[in-house]
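# Summary of structural features
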Amino acid sequence: MEDIYGNEQRILDEAQLRIKAVKSGAEYDFGDYIFIVKEYRKILRHLRRTTKIADSISNKLHVDNLELNEKVHLDALTGIYNRRYMEESLSRIKKSLSRSSDVLSILMLDIDFFKGYNDTYGHAAGDVCLKTIAEAIDNSLFRPDDFVARYGGEEFIIVLPNTCKNGACHMAKKIIKNIGHLKIPHEKSEIATHVTVSIGAATGHVERHGKIDEYVECADTALYTAKNSGRNRYIHKNFNERG
C-alpha cells in the first residue's frame, strides 16, 4: 500500500510541475498528459486489486472470528453450550426479565449412577452416553430462547425464560420420558435396566436486585431432593418461596 501511495504522489507531483511549467510559458506536450493518465490508471487498477484482496481477507477474518466465538461457547464433547455460555446468558436474561419481574425456570439434570456406567462400560462409552443424552435434551426443547448447557461432568442445565411452574414441570417430564425411550443399557443402575436421569426444577419471578446464581442453587437443591427420593424423577421448587 505504501508503494501505491508513493507512486500516486510521485505522479501528482510530476503533473503539478508540468502544469506549472505550461503556465510559465513552456510548450504543452499532449504526450506528457497521455503518459500521466496511463500511469495513474495503472495505480488505480493496482489499488482495486489490493482493495479486493483486503476485503476478502477481512471477510474471512470475520467468519473465522464468528466460528471461534461460537466454539468458545460450546462444550467440546457434547457440542451443546458450555457453562461459560450459560452463565453469560443467564446474566443477560436476568437483566431483561427483571425489568418487568417476568418469570424464569431452570432445570438441573443429573444422569443417575453415571459413575457405575463409566466403571462398567468404560469412559469411551460414557462419552457416547453423554453426547446422546445432550442431544435428547436439546431435541426436547422447541422454543428459540430455551437452551441446554453442560454444567459439568454428567450434569446439565436447561434454561427456560418466561416459563411458569407448569411449563417447567411439563418440560422435566418430557425430558425424562425422551431419555427413558432411548433405552441405553445400564446394568449397574439400581432403579432400572437402562439409563435414567433426575431433574431439579426452580421457578420464580426475576427481581432486579436478585442474584441469578440463586436460581441455579435452588434447582440444585431440588435435584438433590429428587435423587434422595428415588431418582428417575423430577422435583420442583418455587424460587420465591425458598427458605
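Now for a look at the structure at hand. As the structure is a prediction and not an experimental result, all values here were calculated from the model.

How each quantity is defined
Residues numbered from 1 in each chain as written. Predicted model: local features only at pLDDT ≥ 70, side-chain atom pairs only at ≥ 80, totals over all residues. Heavy atoms only, no water. Helix = DSSP H or I, 4+ residues; strand = E, 2+ residues; numbered from the N terminus. Buried < 20%, exposed > 50% of the residue type's maximum accessible area, 1.4 Å probe, protein only. Contact = heavy atoms within 4.5 Å. Areas by Shrake-Rupley, 256 points an atom, 1.4 Å probe, with all protein chains shown as cover. Pairing = 2+ DSSP bridges. Axes fitted to C-alpha atoms, helices over the stretch in contact; angles between N-to-C directions. Parallel < 35°, antiparallel > 145°, perpendicular 65-115°, else oblique. Left-handed = near helix turned anticlockwise from the far one by under 90°. Nonpolar A, V, L, I, M, F, W, Y, C, P; charged D, E, K, R; others polar. Salt bridge = Lys/Arg side-chain N within 4 Å of Asp/Glu carboxyl O.

Quick look at the overall build of the chain now. Looking only at helices and strands, the chain features seven helices and five strands. Going from N to C terminus, the chain has its helices and strands arranged as α-α-α-β-α-α-β-β-α-β-α-β. Counting across all 243 residues of the chain, residues that qualify as buried make up 37%. Long-range pairs, those at least 24 residues apart, make up 70% of the contacts in the chain with a sequence separation of at least 6. Working note: accessible area of the chain is about 14800 Å², and carbon and sulfur atoms make up 51% of it.

Here we have five strands laid out as an open sheet, ordered 2-3-1-4-5, and mixed in their pairing. Edge positions in the open sheet fall to strand 2 (147–152) and strand 5 (234–238), since each of these has one partner strand only. Across this sheet, the average inter-strand angle for adjacent strands is 20°, counted without regard to direction. Those strands touched by helix 7 (residues 213–228) are strand 1 (103–111), strand 2, strand 3 (155–161), strand 4 (197–205) and strand 5, and its axis lies near 140° from that of strand 4.

The angle between the axes and the distance between the axes are what describe a pair of packed helices. Between helix 5 (residues 123–140) and helix 6 (residues 165–182), the shortest axis-to-axis distance is 9 Å and the interhelical angle comes to 135°. Relative to helix 6, the element helix 5 is oriented oblique. Relative to helix 6, the crossing made by helix 5 is right-handed. Of helix 6, the residues touching helix 5 (which contributes Thr-132, Ile-133, Ala-136, Ile-137 and Ser-140) are Met-171, Lys-174, Ile-175, Asn-178, Ile-179 and Leu-182. For the contact of helix 5 with helix 6, the residue count by class is seven nonpolar, three polar and one charged.

Let's shift gears to the pattern of salt bridges. Inspection of every chain in the model, using the stated rule, returns six salt bridges. Here Glu-88 and Arg-84 are joined by a salt bridge, their closest N and O atoms 3.2 Å apart. Here the residue Glu-88 and the residue Arg-84 both occupy positions in helix 3 (residues 83–98), the gap between them amounting to four residues, near one helical turn. Of the residues examined, Glu-88 reaches a relative accessible area of 31% and is grouped as partly exposed. Exposure remark for Arg-84: the relative accessible area of 46% places this residue in the partly exposed category. Of the charged contacts in the structure, one is a salt bridge between Lys-115 and Asp-119, with a shortest N-O distance of 2.9 Å. Of this pair, Lys-115 and Asp-119 both sit in helix 4 (residues 114–121), four residues apart, roughly one helical turn. In this pair, the class of Lys-115 matches that of Asp-119, namely exposed.

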